[in-house]
Amino acid sequence: MMIRIASAVLSLAGLLALVSGIAFWSGIGLNLLALHMLLGLLAVGALWTIGIGQAFSSSGSWIIAASALILGILTIAIGLYQSSLWVGALHWVIEVVHLTLGILTIGLGHMGAARYRKSTAGSR
């Protein structure tokens, strides 16, 4: 049940973080930064919950669990420090890296949740 809730939180928070980030990036929603950061933290928290589920599940994947931990740390680190990274004309590269990490966060989380649901479907 916890994985199902984490997957739903990941979907909602991830999608809203992507939308608010793109709005912020395009200059429309400059006041959405705090909301974007909160949604990103929620998405990473959901990813870590799914990763923990993978780590402690009997048929879970340690690779997915470790990847979830590392990807979450990278996403938060780049997100928090991106305004001071590679400042100048090529700053868009950091923004694209952060966007890619966000998309990977959603994808890896759903992959881990689907694997967990598949492994527990036979035990019902």
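This text follows the structure it describes.
*Asks:* Quick question: what am I supposed to make of the overall build of the protein here?
*Replies:* Scanning the protein for helices and strands turns up four helices and zero strands. Taken from the N to the C terminus, the helices and strands of the protein come in the order α-α-α-α. Dimensions along the principal axes, computed over C-alpha positions, put the protein at roughly 55 × 25 × 15 Å. Out of the 124 residues in the protein, the part that is buried amounts to 35%. Here the analysis covers contacts within the protein between residues at least 6 apart in sequence; of these, 68% occur between residues at least 24 apart. Put simply, the protein shows about 7400 Å² of open surface, and 76% of that area lies on carbon and sulfur atoms.

*Asks:* Teacher, can you tell me more about the environment of Leu15 here?
*Replies:* Tracing the sequence through the fold places Leu15 in helix α1 (residues 2–26). Taking the C-alpha atoms as reference points, Leu15 and Thr105, separated by 90 residues in sequence, lie 11 Å from one another.

*Asks:* Which parts of the structure should I look at to understand the environment of Thr120?
*Replies:* Positionally, Thr120 belongs in helix α4 (residues 91–121). It is 8.7 Å that separates the C-alpha atoms of Thr120 and Ser59, two residues lying 61 residues apart in sequence.

*Asks:* What exactly am I supposed to notice about the packing of α1 against α4 here?
*Replies:* Packed helices, taken two at a time, are described by their axes: the angle between them and the distance between them. Running from N to C, α1 and α4 cross one another at 165 degrees; their axes reach a closest spacing of 10 Å. By the angle between their directions, the pair α1 and α4 is classed as roughly antiparallel. Classified by chirality, the crossing of α4 by α1 is left-handed. In this structure, α1 uses Ile3, Arg4, Ser7, Leu10, Ser11, Gly14, Leu15, Leu18 and Trp25 to contact α4, whose residues at the interface are Glu95, Val96, Leu99, Ile103, Thr105, Ile106, Gly109, His110, Ala113, Tyr116 and Arg117.

*Asks:* In this structure, what is going on with the nonpolar core? I would like to understand it.
*Replies:* Nonpolar side chains in soluble globular proteins tend to be buried together. Counting residues in each nonpolar core, the largest one holds eleven residues, listed as Ile3, Ala6, Leu10, Ala13, Ala17, Leu39, Ala43, Ala46, Ile50, Ile106 and Ala113. Looking at this core, the elements that each hand over two or more residues are α1, α2 (33–56) and α4. Counting residues per element, this core draws most heavily on α1, at five residues. Leave out the neighbours within four places in its chain, and Ala6 touches Ala46, Thr49 and Ile50.

*Asks:* What should I look at first to understand the side chain of His91 in this one?
*Replies:* Inspection of the secondary structure assignment puts His91 in helix α4. There is a polar contact of 3.1 Å between the side chain of His91 and the backbone oxygen of Leu85. Apart from residues no more than four positions distant in its own chain, His91 is found in contact with Gln82, Ser83, Leu85 and Trp86.

Conventions adopted
- Residues numbered from 1 in each chain as written.
- Predicted model: local features only at pLDDT ≥ 70, side-chain atom pairs only at ≥ 80, totals over all residues.
- Heavy atoms only, no water.
- Helix = DSSP H or I, 4+ residues; strand = E, 2+ residues; numbered from the N terminus.
- Buried < 20%, exposed > 50% of the residue type's maximum accessible area, 1.4 Å probe, protein only.
- Contact = heavy atoms within 4.5 Å.
- Areas by Shrake-Rupley, 256 points an atom, 1.4 Å probe, with all protein chains shown as cover.
- Axes fitted to C-alpha atoms, helices over the stretch in contact; angles between N-to-C directions.
- Parallel < 35°, antiparallel > 145°, perpendicular 65-115°, else oblique.
- Left-handed = near helix turned anticlockwise from the far one by under 90°.
- Core = buried A, V, L, I, M, F, W, Y, C linked by side-chain atoms within 4.5 Å.
- Polar contact = N/O pair within 3.5 Å; in protein donor to acceptor, adjacent residues only side chain to side chain.

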